[in-house]
Amino acid sequence: MRGLLGLSVLFVVIWFLTTPEGYFWPIWPILGLGLNTVRSGIDAYSRKPGIITESQIDAEVRKLRGE
């Protein structure tokens, strides 16, 4: 989240230093970053973890040991 805020501030500072009376173009990258952050959050927190059984764990251990 700090990265999003930092980039947003950077975009606004660049806009202010170059064309403060011009079109406020930083809104577009800020909106893009915000939408991507929301999508990533939904993707990360909406998934329900699958149930892993003891037999699946045992099979993975045997595979890693080369059995």
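Please read all numbers here as calculations on a predicted model, not as lab measurements.

Quick notes on the pattern of salt bridges
And step 1. Per the counting criterion, the structure on display carries one salt bridge.
And step 2. Of the charged contacts, one joins Glu-60 and Lys-63 as a salt bridge, the two residues approaching to 3.4 Å between their closest N and O atoms. One end of the pair, Glu-60, and the other, Lys-63, are both in helix 3 (residues 54-65), three residues apart, so they sit about a helical turn from each other.
And step 3. The class of Lys-63 is exposed, set by a relative accessible area of 57%.

Looking at the confidence of the model for the chain
And step 1. For the chain, mean pLDDT is 92; residues scoring 70 or higher make up 100% of the total.
And step 2. Here helix 2 (residues 27-46) is the element of the chain with the lowest mean pLDDT, 92, and helix 1 (residues 2-18) is the one with the highest, 95.

Conventions and cut-offs
Every chain's residues receive numbers from 1 upward, in the order its sequence appears when written. Local features in a predicted model are, by the rule used here, given only for residues with pLDDT of at least 70; side-chain atom pairs are given and counted only at 80 or more, and totals for whole chains, interfaces and linings are based on all residues. Excluding hydrogens and water, the side-chain values take into account all heavy atoms of the structure. What counts as a salt bridge is simple: a side-chain nitrogen of Lys or Arg found within 4 Å of a carboxyl oxygen of Asp or Glu. Each helix corresponds to a stretch of at least 4 residues labelled H or I by DSSP, and each strand to a stretch of at least 2 residues labelled E; elements are numbered beginning at the N terminus. Relative accessibility decides the category of a residue: with a 1.4 Å probe and only protein chains considered, values under 20% of the type maximum give buried, values over 50% give exposed, and everything between is partly exposed. pLDDT measures how confident the predictor is about each residue, on a scale from 0 to 100.

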